[in-house]
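The chain contents come next:
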Amino acid sequence: PKVNRLVWAIKSPPAESSNPRMICCFDSFQYRPTHENMMIMDAETGKLVPGLSTDWKIDLTANTVTFNLRSGVNFQEPEKWGQMTADDVKWTFDSLIKPSDPPSNNTWIQSFWIPTVQDVKVTSPTQVVFTIKPHINFMFFMSDSASQMSVRSKKQQAAEPEPRTLEQKPPVGTGGYQWMERKAGSYIRFKRVEYQHWNKTPEFPEFEFR
């Protein structure tokens, strides 16, 4: 890298937030450097490939989807918040659909998530099973294409309250960048994590959406 901070100038999003629980879809670029999903959509083939889950299995009735999770995935600030487990995945979903303060702007909660997902069960620290009403968009919404189930740390959010302003620290994720600072309507700055990321450690020490 020729510079310390890579800057990407982009149009301001209609809804601003660094918290994955608050927004989704087209506005999710704001937290994609910091948060990851169960699956990744390959940019060249359009196929779903492993992300935070190494593999998954859909039963013959399409009523259950079992995800096997990747081991050794750090949350940012791992000395405080540790590594991702199935409890974090279940907690991420539970906190997504329950009434919240501040309230979420995710319009899919009532129309998709609540009627589609019947139950989420942790069967081991590295396995979680979703019981669903079969829906063509379920796998898509679990992937980074929609970024609606970007995994957050249960431990961290039990210890620290959710942010109420854009300038406050958001929930930690598992991405290769971690949140550094933000100014509403101006910029979001990230810094590279200080450990070897499970997928790919970023080349630039800092990244900014301006």
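Whatever comes next refers back to the structure up there.
Below, the structure is looked at part by part. (Residues numbered from 1 in each chain as written. Predicted model: local features only at pLDDT ≥ 70, side-chain atom pairs only at ≥ 80, totals over all residues. Heavy atoms only, no water.)

## Description of the overall build of the protein chain
At step 1: A tally of regular secondary structure across the protein chain gives five helices and 10 strands.
At step 2: For 210 residues, the compact-globule formula gives about 17 Å, and the C-alpha radius of gyration of the protein chain, at 17 Å, lands near that figure.
At step 3: Across its three principal directions, the C-alpha atoms of the protein chain cover 50 × 35 × 35 Å.
At step 4: Among the 210 residues that make up the protein chain, the fraction classed as buried is 46%.
At step 5: In the protein chain, of all internal contacts separated by at least 6 residues, the share reaching a separation of at least 24 is 58%. (Helix = DSSP H or I, 4+ residues; strand = E, 2+ residues; numbered from the N terminus. Rg over C-alpha atoms; globule rule 2.2 N^0.38 Å. Buried < 20%, exposed > 50% of the residue type's maximum accessible area, 1.4 Å probe, protein only. Contact = heavy atoms within 4.5 Å.)

## As for the nonpolar core
At step 1: Residues M38, F67, W113, V128, F130, F138 and M142 are the most contacted members of the largest nonpolar core, which totals 30 residues.
At step 2: Counting only elements with at least two residues in this core, the list comes to β5 (64-69), α2 (86-97), α3 (108-116), β6 (117-124), β7 (127-132) and α4 (138-142).
At step 3: Contact partners of F138, with chain neighbours within four places excluded, come to V65, F67, F112, W113, V117, F130 and I132.
At step 4: F29, Y177, I188 and F190 belong to the second largest nonpolar core, which has seven residues in total. (Core = buried A, V, L, I, M, F, W, Y, C linked by side-chain atoms within 4.5 Å.)

## Topic: the sheet that holds strand β4 (residues 53-58)
At step 1: With antiparallel pairing, four strands are arranged side by side in an open sheet as β4-β5-β7-β6. Of all the strands in the sheet, just β4 and β6 have a single pairing partner and so form its edges. Across this sheet, the average inter-strand angle for adjacent strands is 20 degrees, counted without regard to direction.
At step 2: Packed on one face of the sheet, α3 meets β6 and β7 and runs near 55 degrees to β6. (Pairing = 2+ DSSP bridges. Axes fitted to C-alpha atoms, helices over the stretch in contact; angles between N-to-C directions.)

## Focus: the pattern of salt bridges
At step 1: Inspection of the entire model under this criterion finds 13 salt bridges.
At step 2: Here E77 and K80 are joined by a salt bridge, their closest N and O atoms 3.5 Å apart.
At step 3: K80 gets classed as partly exposed once you look at its relative accessible area, which sits at 36%.
At step 4: A salt bridge links R189 to E181, with the nearest nitrogen and oxygen atoms 3.0 Å apart.
At step 5: One salt-bridge network, held together by shared partners, links R5, E181, R189, E206, E208 and R210. (Salt bridge = Lys/Arg side-chain N within 4 Å of Asp/Glu carboxyl O.)

## Here we look at α3
At step 1: Here α3 has its buried residues at I109, F112, W113 and T116. One side of α3 carries all its buried residues, which in axial view fall inside an arc of 125 degrees.
At step 2: Buried residues in α3 make contact with α2, β6, β7 and α4. (Arc of directions from axis to C-beta.)

## Here's the deal with the sheet that holds strand β8 (residues 177-183)
At step 1: The four strands lie next to each other as β1-β10-β9-β8, forming an open sheet whose pairing is mixed. Edge strands, defined here as strands with exactly one partner in the open sheet, are β1 (5-8) and β8. The average undirected angle you get between the axes of adjacent strands in this sheet is 20 degrees.

## Comments concerning α2
At step 1: Here α2 is 12 residues long and its end C-alpha atoms lie 17 Å apart, about the 16 Å a rise of 1.5 Å per residue gives.
At step 2: The set of residues buried in α2 consists of A86, D88, V89, W91, T92, F93, S95 and L96. (Expected span 1.5 Å × (residues − 1).)

## With respect to the side chain of T92
At step 1: Position of T92 relative to the elements: it lies in helix α2.
At step 2: By relative accessible area, T92 is classed as buried at 2%.
At step 3: In this view, T92 contacts M149, S150, V151 and R152; residues no more than four positions away in its chain are not counted.

## Some details on the packing of aromatic side chains
At step 1: Counted according to the given criterion, the structure contains 16 aromatic pairs.
At step 2: A centroid spacing of 6.5 Å and a plane angle of 70 degrees characterise the contact between W113 and F138, whose relative ring orientation is edge-to-face. Here F138 lies in helix α4 and W113 lies in helix α3, a separation of 25 residues in the sequence. The pair W113 / F138 is uniform in exposure class, with both members buried.
At step 3: With 6.2 Å between their ring centres and 40 degrees between their planes, W113 and F141 make a pair best called tilted. (Phe/Tyr/Trp six-rings, centres within 6.5 Å; stacked < 30°, edge-to-face > 60°.)

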